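A closer look at the structure
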Amino acid sequence: MAQTKNRILTSGPITRQLLVLAAPLLLGSVLQQLYNAADTLIVQRLAGEIAFSAVGVAGTVMNLFLFIISGACTGISIVMASLYGAGNEKKLRCESWMATIFGLAFTLLIAIPALLLIRPLLALIATPEALMEGAARYLLVILLGMPAAFLYNLGAGALRAVGNTDKATLFLILSVILNIGLDLLFVGPLAMGVTGAALATVLAQLFSALCCLVYIFRYRSFLIFRREDRTIDPNLLRQTAVYSLISALNKSSLYIGKLLVQGVVNTIGLEAIAGFTAGSRIENIANTFAVSGGEALSVFVAQNLGAGERRRAREGFRKWLVISLLSSLIISGLMYVTSGATVGLFLNGSSGMTCGRS
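Parameters at a glance
Residues numbered from 1 in each chain as written. Predicted model: local features only at pLDDT ≥ 70, side-chain atom pairs only at ≥ 80, totals over all residues. Heavy atoms only, no water. Helix = DSSP H or I, 4+ residues; strand = E, 2+ residues; numbered from the N terminus. Expected span 1.5 Å × (residues − 1). Phe/Tyr/Trp six-rings, centres within 6.5 Å; stacked < 30°, edge-to-face > 60°. Buried < 20%, exposed > 50% of the residue type's maximum accessible area, 1.4 Å probe, protein only. Contact = heavy atoms within 4.5 Å. Axes fitted to C-alpha atoms, helices over the stretch in contact; angles between N-to-C directions. Parallel < 35°, antiparallel > 145°, perpendicular 65-115°, else oblique. Left-handed = near helix turned anticlockwise from the far one by under 90°. Nonpolar A, V, L, I, M, F, W, Y, C, P; charged D, E, K, R; others polar. pLDDT = per-residue confidence, 0-100. Polar contact = N/O pair within 3.5 Å; in protein donor to acceptor, adjacent residues only side chain to side chain.

What follows is about helix α11 (residues 270-306). Between the first and last C-alpha of α11 there are 51 Å, a value that for 37 residues agrees with the 54 Å anticipated at 1.5 Å per step. Just beyond α11, the residue with positive phi is Gly308, at close to 80°.

So this is what it looks like as structure tokens:
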């Protein structure tokens, strides 16, 4: 195992390592949110406010499922980081195999029922009839592409577990550029509307997943399971399930709440939906600072606990808590001061501006 090149977290200056680890994760989290932001912004400009609001309603539902999957992959990465810190190559490859097989099964387990219940779910949150068709078509494409989202998050999580966060972020940057280009093509000249926006997102996610997997096969082959690794370790599987479930619940809890709020907003009218959509896009980007910091800290703590460095793990937690509190205050201030300008990017002076700022 090429540990000396990757394991950068069990010795050295803690604050610097946390910041170096968190910076690509932060950029990646912001870019992940730009998938949605690019869809909604381009749809608003090229397809109109009805399509914009439909993507907004669908986006709230989509994020719930995406964050369940990404949360589960965060739990997997914590287990991998612990095994990597302990230098247990055999169990690391076994975890890689179990995570791939059971993770894909879990993705299908939540995606297939969701596909069958798209319209009842949209009706449950009081989606206006004018938005129902567009929101349903958007979600249909997104849910069909869930395996691509899982494979990217799994690949990125595996790289994160060994302290290598920059490559996954690079692939995400490329996929966001591709996503924007495909949005402009599908929603513009091809006039595919919300379906085109969803298809652009899925194709971009598939591209980033393939880039991650090719890089791992070529440069981090110690993460690739072999034939002899295709066994089920009950204790390791149980640990992975517990970590993944807790992490998935943690990440998705915000969007469960947002789904309930979306249901209330949907009863107010199209102007409120447009405003809520715009405000949510800005809020989602701001929330990525806390999310990426938590992921960086999780990997740091997991690697050090795996290596038996409990005191160092506790010290890292204390240092990041201070950094997180300070950054949250700064971000909250910036959101308040720039609310009009940022929401205006999406609503472009439309009647939903007041709702978006409130």
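Counted under the stated rule, the structure contains three aromatic pairs. Aromatic side chains Tyr84 and Phe222 sit 5.9 Å apart centroid to centroid with 20° between the ring planes, which places their arrangement in the stacked category. Taken as a pair, Tyr84 in helix α3 (residues 49-86) and Phe222 in the loop between α9 (193-219) and α10 (234-266) lie far apart in primary sequence, 138 residues in all. Classification of Tyr84 by relative accessible area gives buried; the value is 0%. For Phe222, a relative accessible area of 7% gives the class buried. Aromatic pair Phe171 and Tyr215: ring centres 5.9 Å apart, planes at 65°, arrangement edge-to-face. Linking Phe171 in helix α8 (residues 166-187) with Tyr215 in helix α9, this pair joins segments that are 44 residues apart in sequence. There is no split in this pair, since Phe171 and Tyr215 are both buried. Grouping aromatic residues by their ring pairs yields a cluster made of Phe171, Tyr215 and Tyr219.

Tracing the chain through its elements places Val194 in helix α9. For Val194, a relative accessible area of 4% corresponds to the buried category. Each C-alpha atom, one on Val194 and one on Ala54, is 7.9 Å from the other, the two residues being 140 residues apart in sequence. Excluding its chain neighbours within four sequence positions, the residues that come into contact with Val194 are Ala51, Val55, Gly134, Arg137 and Tyr138.

This part is about the packing of helix α4 (residues 89-116) against α10. The contact between α4 and α10 brings their axes to 10 Å, and the two run at 55°. Taken together, the axis directions place α4 and α10 in an arrangement best described as oblique. The handedness of the crossing between α4 and α10 is right-handed. The residues of α10 that touch α4, namely those facing Lys91, Cys94, Glu95, Met98 and Phe102, are Leu236, Leu237 and Thr240. Residue classes in the contact of α4 with α10 are distributed as five nonpolar, one polar and two charged.

Per-residue pLDDT for the protein chain averages 84, and the proportion of residues at 70 or more is 91%. When the criterion is pLDDT under 50, residues 1-5 qualifies, and its contacts beyond four places in sequence or with other chains add up to ten contacts. Counting contacts from residues 351-356, a segment whose pLDDT is below 50, to residues more than four positions away or on other chains yields 15 contacts.

This part is about the side chain of Arg93. Within the secondary structure, Arg93 is located in helix α4. For Arg93, a relative accessible area of 7% puts it in the buried group. Polar side-chain contacts of Arg93 include one of 2.9 Å to the side chain of Glu89. Not counting chain neighbours up to four residues away, the residues in contact with Arg93 comprise Phe222, Ile224, Phe225, Arg226 and Asp229.

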